[in-house]
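Structural features, examined
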Protein chains: 2
Amino acid sequence: MEQQNVTTTDGEQAQGRHDAPVVAVVLAAGSGLRFDPDNPKQLVAIDGRPIVGWSIDAFERNARVSDIIVVVNAQVRAAIEQLIRDGGATKVRAVIDGGAERADSTAAALETLSAAGVPGDAKILIHDSVRPFVTQSQIDGCIDALEEFDAATVACPSTDTILLTEDLGDRQGVKSVPERRHSYRAQTPQAFRFATIHEAYALASDDPDFRPTDDTRVVVDYLPDTPVAIVGGSPLNMKVTTRDDMPFATLIAGEITKAAAKQQVHTMFQQALS
Amino acid sequence: MEQQNVTTTDGEQAQGRHDAPVVAVVLAAGSGLRFDPDNPKQLVAIDGRPIVGWSIDAFERNARVSDIIVVVNAQVRAAIEQLIRDGGATKVRAVIDGGAERADSTAAALETLSAAGVPGDAKILIHDSVRPFVTQSQIDGCIDALEEFDAATVACPSTDTILLTEDLGDRQGVKSVPERRHSYRAQTPQAFRFATIHEAYALASDDPDFRPTDDTRVVVDYLPDTPVAIVGGSPLNMKVTTRDDMPFATLIAGEITKAAAKQQVHTMFQQALS
């Protein structure tokens, strides 16, 4: 799949009406070495569908999302392109190459968007492909939050107390213990007005030691005056990191599939009776 | 069950040999309102056994644990006493009343231990009863760590980036994003030499605003020069917090039961063939 043009708003602007495009960036360039070197985790099937397929589909189904960019590596490109063709996704505008680190992949996506002329007020939702069960309300929550804030992230309160550690000889020791009520586990999507995330990455790119595991951090550290709103996440929006996560992921997928089937039957009955 | 004497080491000391007692404190005084007001979560059965039963049994089975104290509230006392009688636990020395907050329950246990003459070098392992799947290696890891450190806690690296938040109007906003490699999720047991945790709680008791959700924090905040070692935890040592956690908990319990049955069959064959 070749890179195509990403929606720009020139047309709408000419008509005096402006709905900022909503672009989902699905990051699927991870090597997933902790999972299985021979079988990248984004391609592992859950309930018969590759993990990255679940993620792309979540944004494809959301009517407010206008465009999708998928970031891949050479190892997974062919499989993901095939998956997109087979799945009939209509919003995927580009499948681009990412980089060695997560931040490199986000940066590559931002460059693609910039080259495509995406306006500064576009809403960019950056999502880890290995969080296959992101809900429509979480995606909507990000889009809504960007009406009020220039940055927002899905996160859920940590039920565990968080410990911040430091090196203590050959093991980790506890350095500080933040208040639990102020401790959140970041999930994705992480959402930004395009100008905001683009500027934050431009500032960060000058720092060779900066290797963020999270896009929110780039904004918090480089644009400290920009508030980042929390959008309610849930434990079901889990990240598939290791094989230990698979039983839980399979359980969630089964429940989602069951609920969808139930809904389908319900709709059929309603249509038959109406 | 009435309070009984907790092992003291006078006997061993008289013989010129000193093995510090290892006392497990199982906290089961939580009201669990987030779960079900009518059915306290520590009594909910997983795979046929109440959650608190799983927890007490983990310490009962560990040969290095000498004594167990169970902290309860009025609502669950009778059921837990019955459970201890039926389960044939031989190390439970006292079932005591806790307090409104978690820290009150720990403080009550420490007072009981102090009154029983437990020596300052006793190893105290404080455990949340709603973490039913603590492993023997995690318990052993705590006991071992206290040879080198006066405080240790089971924790596992956070696979999610952690966000520390602040109030942002009517929602939470991100204040800072600590390095993921230094972000751990605290689990239990949290383990301390008795003198250390007793002193930390004595210092904290003067502060009426101090309501820690975690015993490690009491040491980190009030005895800042005391290093607290991290003992490797795992996602399986999960906390049952809400009903959403039950499917995962049931899955883990099933795997544990299956593994135990397999081990039993294996042992039977070995005995038959030897």
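Residues numbered from 1 in each chain as written. Chains lettered and ligands numbered in written order. Predicted model: local features only at pLDDT ≥ 70, side-chain atom pairs only at ≥ 80, totals over all residues. Heavy atoms only, no water.

**Considerations on the UniProt feature "site: Positions MEP for the nucleophilic attack" (unreviewed entry) in chain A**
All names here are of chain A. Here, UniProt's "site: Positions MEP for the nucleophilic attack" (unreviewed entry) annotation points to Arg 180 and Lys 239. Lining residues of the largest cavity drawn from the annotated set just named are Arg 180. Within the secondary structure, Arg 180 is located in the loop between strand 9 (171–176) and strand 10 (183–193). Given a relative accessible area of 22%, Arg 180 falls into the partly exposed group. (UniProt positions renumbered as here; feature names shortened; annotations may be inferred. 1 Å grid on protein atoms, 1.4 Å probe; cavity = no way out; pocket = protein on both sides within 12 Å on 5 of 7 lines; lining within 4 Å. Helix = DSSP H or I, 4+ residues; strand = E, 2+ residues; numbered from the N terminus. Buried < 20%, exposed > 50% of the residue type's maximum accessible area, 1.4 Å probe, protein only.)

**Describing the interface of chain B and chain A**
Quoted interface sizes are often the accessible area lost when the parts come together. Across the contact, 48 residues belong to chain B and 47 residues belong to chain A. For the pairing of chain B and chain A, the buried interface totals around 4300 Å² over both sides, and the portion due to carbon and sulfur atoms is 56%. Per-residue buried area on chain B facing chain A is highest for Asp 160, Leu 163 and Arg 171 of chain B; these three make up 13% of the total on that side. Joining chain B to chain A, the criterion identifies six salt bridges. Glu 179 of chain B is the salt-bridge partner of Arg 217 of chain A, the closest N and O atoms lying 3.8 Å from each other. (Contact = heavy atoms within 4.5 Å. Buried area = accessible area lost by both parts, 1.4 Å probe. Salt bridge = Lys/Arg side-chain N within 4 Å of Asp/Glu carboxyl O.)

**Examining the environment of Phe 133 of chain A**
All names here are of chain A. Tracing the backbone through its elements, the reader meets Phe 133 in the loop between strand 6 (123–128) and helix 5 (136–148). Residue class for Phe 133 comes out buried when judged on its relative accessible area of 3%. Considering only alpha carbons, one finds Phe 133 and Asp 160, 27 residues apart in sequence, at a separation of 22 Å. Those residues within four positions of Phe 133 in sequence are excluded, and the remaining contacts are Ile 46, Trp 54, Leu 236, Asn 237, Met 238, Ala 249, Ile 252, Ala 253 and Ile 256.

**Thoughts on the pattern of salt bridges**
Counted according to the given criterion, the structure contains 32 salt bridges over all chains. A salt bridge links Arg 64 of chain B to Asp 140 of chain B; the nearest nitrogen and oxygen atoms lie 3.3 Å apart. Of the two residues, Arg 64 of chain B sits in the loop between helix 2 (51–60) and strand 4 (67–72) while Asp 140 of chain B sits in helix 5 (residues 136–148), which places them 76 residues apart along the sequence. The exposure class assigned to Asp 140 of chain B is partly exposed, which follows from its relative accessible area of 24%. In the salt-bridge network here, residues are joined through shared partners; they are Arg 49, Asp 57 and Arg 61 of chain A.

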